[in-house]
Amino acid sequence: MRYAETGFNLEVDLTMGNIERVATDPRDTELYLGGLGTNAKILWDRVPPETEPFSPDNLLIFGTGLLCGTPATGCNRTIVSTISPQTRLMAFSMMGGFWAPELKYAGYDKVILRGKSPNLVYLWINNDKVEIRDASHLKGKGAVETQELIRRELKEPKAQVAAIGLAGENRVYFASIEQGRSSASRGGIGAVMGDKGLKAIAVRGTKDVNIARPDEFMELCNEVLKYIKWRNDNPVPGVMPILAGLGSPQEMKVHDEKWHTENFMWGNSRTRRKDFWNEEIAREWMKTMDSMRRRLISCYNCPMTCGATIQPPGLPTYMMKCFTKLTYTMAAMSDLEFGLGIAQSATEFGVDGFSAPQVMAFALELYENGILTDDDFPGMPSDNEGRFYWLLDRIVRREGIGDVLANGTYWAARQIGKGAEAYAHNNIKKHEQLPLKLSMLNPIYFLMYCTGEKINITQIEGQFPQAPFATREEREAFVKDWFQVPDDKFKQYFLDWELRGEKSLPYYPTVQMCCDIVDWQERMHYIDDALGMCSGLSSFPLKPPYHIHNYPKFISSGAGIDMDETKLTEAAKRYRTLVRAINIRRGMRRKDEKPPENHWKKRFPELEKELLDTYYKFKGWNDDGIPTQEFLHEFGLDYVTEDFVKRGILTDIEDDPSKETPAEKEKQ
Ligand code: SF4
């Protein structure tokens, strides 16, 4: 018997209209867990680097985490993996909500889609009955509207539906997949779904998920719930409210946006609006939010109520994505009423709430600087808000300049030329990043930004505080009940970290300490993404309920896999390396691991070089960021070495990188 997982994937060939239920190999679960881990293994095995994002051979995988569908609180993530049209690398975007547990209850761990349907279709998974249905009547419909239309059509109000909007249908590079109370937005995965002619996947499941040792597992779940309650009553003192609690409920509950609005560089701008937040703005925001927010909501099996449903006047209700309440408002330098209104359209169109406002602000910046002209914007309204609505509409329809902008700032800048590249200044690995421009280089975040392959805010933050506390007493109080650390040395690192002087940024934490910290933070993210855990209860906040010490027990008692901290760390390293190997094979190298030039005002080139050199070595990668033969062998990844040698990425006698990969050559 299989525990926690079902042991079956659903393979769908959209070209042939073929559907198969395929048994999976339990050894893969031991080596790569589930979710992101096994998604990566499938992409490695079946999608060679020559495959273009919009090739029928590109796979689109909806993977549930290993523990999704079990009673583990907050374990509800669907990990959507494919080759991104924007980065041309592996995308692994997550969505919470209810979809992954429902798929498990229908009897599947993953849905793997290949090929392309000649007509727009949707997939209906109803336990053992799976069918591809015509979706021509849903063409152009909103991503949220589609979910409701499908539920009605199927007469199944409990079906969980993941759908794309017009942006996905038109292959906008930052198109999202929307689902009930969640969204998978990064990497343009919605564009790949649209390219495959798939409007939605509806799923209804009523089966059970087996737990290996239920009593033990339930005890662990109850401990987590108890801890969540305790943490809610005892927020971490000395840090800003957003870091003091778990999850991100404050996003929709709290009105005070002083910190966010003044510290981020919203839109495509390069300056902070330091005096933006005043009493009048605060009053207005409160009024708008109170009049439009309907209720606070949670994902499956979670008490945190991070999200909220919003109803702008005269518009349908939708779920506000984390931070999106700010991104449009601030990019357009407008008010919250505008932000909540345009976010409704953007959610129906199905676009990423970080990239879309940046792309629109970028277009207007090019216009203001004469790089784009009136000819590029025929009929664009003259008011700021009208312009944003106009641009959004053109982008999702790929009309006129919208067709260029739909490729994101990196590719659009290259297409436009005339110096537009200088305005696409907020990208890493060809993808728009958080609009953050900071002052002093933080070496921990430098490494996380550079080497992160998820390209998402949650992956650049972790369980180590972002900044030192002012006094030793505060630091001592913080480390007292910091049992989540994998090793007590982390407590010492933090105790000695000071605001000023020798042990302050950017030279403290030392390079070696930064490697340890980043490795720990990254490891927790990768474990979450394989188990399907919400990072808001694990890898993202300080002192979370899930950590390296209790995760092995969850896996052992839940999935029946004999697990301890060492084995779990090894598994995470294995599939983390596989994600890197997929990207290396597609041409990613050290040159790509660069935060935007103006990300920090004070940069330290020598220190940054040393950080990357040391971290690469620490991770078992060579100077160009390529995993070495020795490291690959240690983690049972000889098949990667073999492929790298065959492709000339590594030589069979040493770990020299080749000058150019076949994928790179092709790109040129
Ligand atoms: S913490 Fe928030 S985002 Fe995470 S599962 Fe719970 S409700 Fe969803």
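Here, every reference points to the structure presented above.
Parameters and conventions
Residues numbered from 1 in each chain as written. Predicted model: local features only at pLDDT ≥ 70, side-chain atom pairs only at ≥ 80, totals over all residues. Heavy atoms only, no water. Helix = DSSP H or I, 4+ residues; strand = E, 2+ residues; numbered from the N terminus. Contact = heavy atoms within 4.5 Å. Near = heavy atom within 4 Å. Nonpolar A, V, L, I, M, F, W, Y, C, P; charged D, E, K, R; others polar. Pairing = 2+ DSSP bridges. Axes fitted to C-alpha atoms, helices over the stretch in contact; angles between N-to-C directions. Salt bridge = Lys/Arg side-chain N within 4 Å of Asp/Glu carboxyl O. Buried < 20%, exposed > 50% of the residue type's maximum accessible area, 1.4 Å probe, protein only. Polar contact = N/O pair within 3.5 Å; in protein donor to acceptor, adjacent residues only side chain to side chain. Disulfide = S-S within 2.5 Å. Expected span 1.5 Å × (residues − 1).

Draft legend 1. Expanded view of the side chain of K110. As for its position among the elements, K110 is in strand β6 (residues 110-114). The contact partners of K110, leaving out residues within four places of it in the chain, are F8, N9, L10, G34, G35, T38, N39, I42, I61, F62, G63 and L103.

Draft legend 2. Looking closely at the site of the ligand. In the region of the ligand, the neighbouring residues are N76, R77, G247, S298, C299, C302, M304, C306 and C534. Its residues assigned to classes, the shell around the ligand comprises five nonpolar, three polar and one charged.

Draft legend 3. Main features of the sheet that holds strand β9 (residues 160-163). Here six strands make up an open sheet; going across it, the order is β8-β7-β12-β9-β10-β11 and the pairing mixed. On the outer flanks of this sheet lie β8 (129-134) and β11 (182-184), each paired with one strand and no other. The mean angle between the axes of side-by-side strands here comes to 15°, regardless of whether they run parallel or antiparallel. Bridge analysis of β9 against strand β10 (residues 177-179) gives two bridges, and the strand direction is antiparallel. Looking across to β10, one finds that A162 is bridged to Q179. Contacts from helix α3 (residues 99-106) reach β7 (121-126), β9, β10 and β12 (198-204) within the one sheet, and its direction differs from that of β12 by about 60°.

Draft legend 4. Here's a closer look at the pattern of salt bridges. Here the structure, examined in full by the defined rule, presents 50 salt bridges. The partner of D519 in a salt bridge is R523, with the nearest N and O atoms 3.5 Å apart. You can see D519 and its partner R523 sitting in helix α22 (residues 511-531), four residues apart, about one turn around the helix. The pair formed by D519 and R523 is uniform in burial state, with each residue classed as buried.

Draft legend 5. View of the side chain of S334. Its location among the elements puts S334 in the loop between α12 (324-331) and α13 (336-349). Since its relative accessible area comes to 11%, S334 is described here as buried. Ignoring anything within four residues of it in the chain, the contact list for S334 reads T329 and E385.

Draft legend 6. View of the environment of R647. By secondary structure assignment, the location of R647 is in the loop between α27 (638-646) and α28 (662-667). Measuring from C-alpha to C-alpha, the distance between R647 and Y328 comes to 44 Å, with 319 residues separating the pair along the chain. Only 2.8 Å separates the side chain of R647 from the side chain of E50, close enough to count as a polar contact.

Draft legend 7. Layout of the pairing of β6. With four of five residues buried, β6 lies mostly within the body of the structure. Alignment of strand β1 (residues 8-13) against β6, held across five bridges, turns out to be parallel. Following the sheet pairing, D13 is matched in β6 by R114. For strand β3 (residues 60-64) and β6, the ladder comprises four bridges, and the chain directions are antiparallel. From the neighbouring strand, G63 faces β6, where its bridge partner is K110.

Draft legend 8. Up close: the state of the cysteines. The tally for this structure, following the rule as stated, stands at zero disulfides. Left without a disulfide partner, C450 is nearest to the cysteine sulfur of C514, which lies 12 Å away.

Draft legend 9. Looking closely at helix α14 (residues 355-368). The terminal C-alpha atoms of α14, which comprises 14 residues, lie 20 Å apart, in line with the 20 Å expected from a rise of 1.5 Å per residue. Within α14, twelve of the 14 residues are buried, which leaves the element mostly enclosed by the surrounding structure. Residues of α14 that are buried in the fold lie against α12, α15 (384-397), α16 (401-405), α17 (408-416) and β17 (431-432). Of the residues trailing α14, G370 is marked for its positive phi of about 75°.

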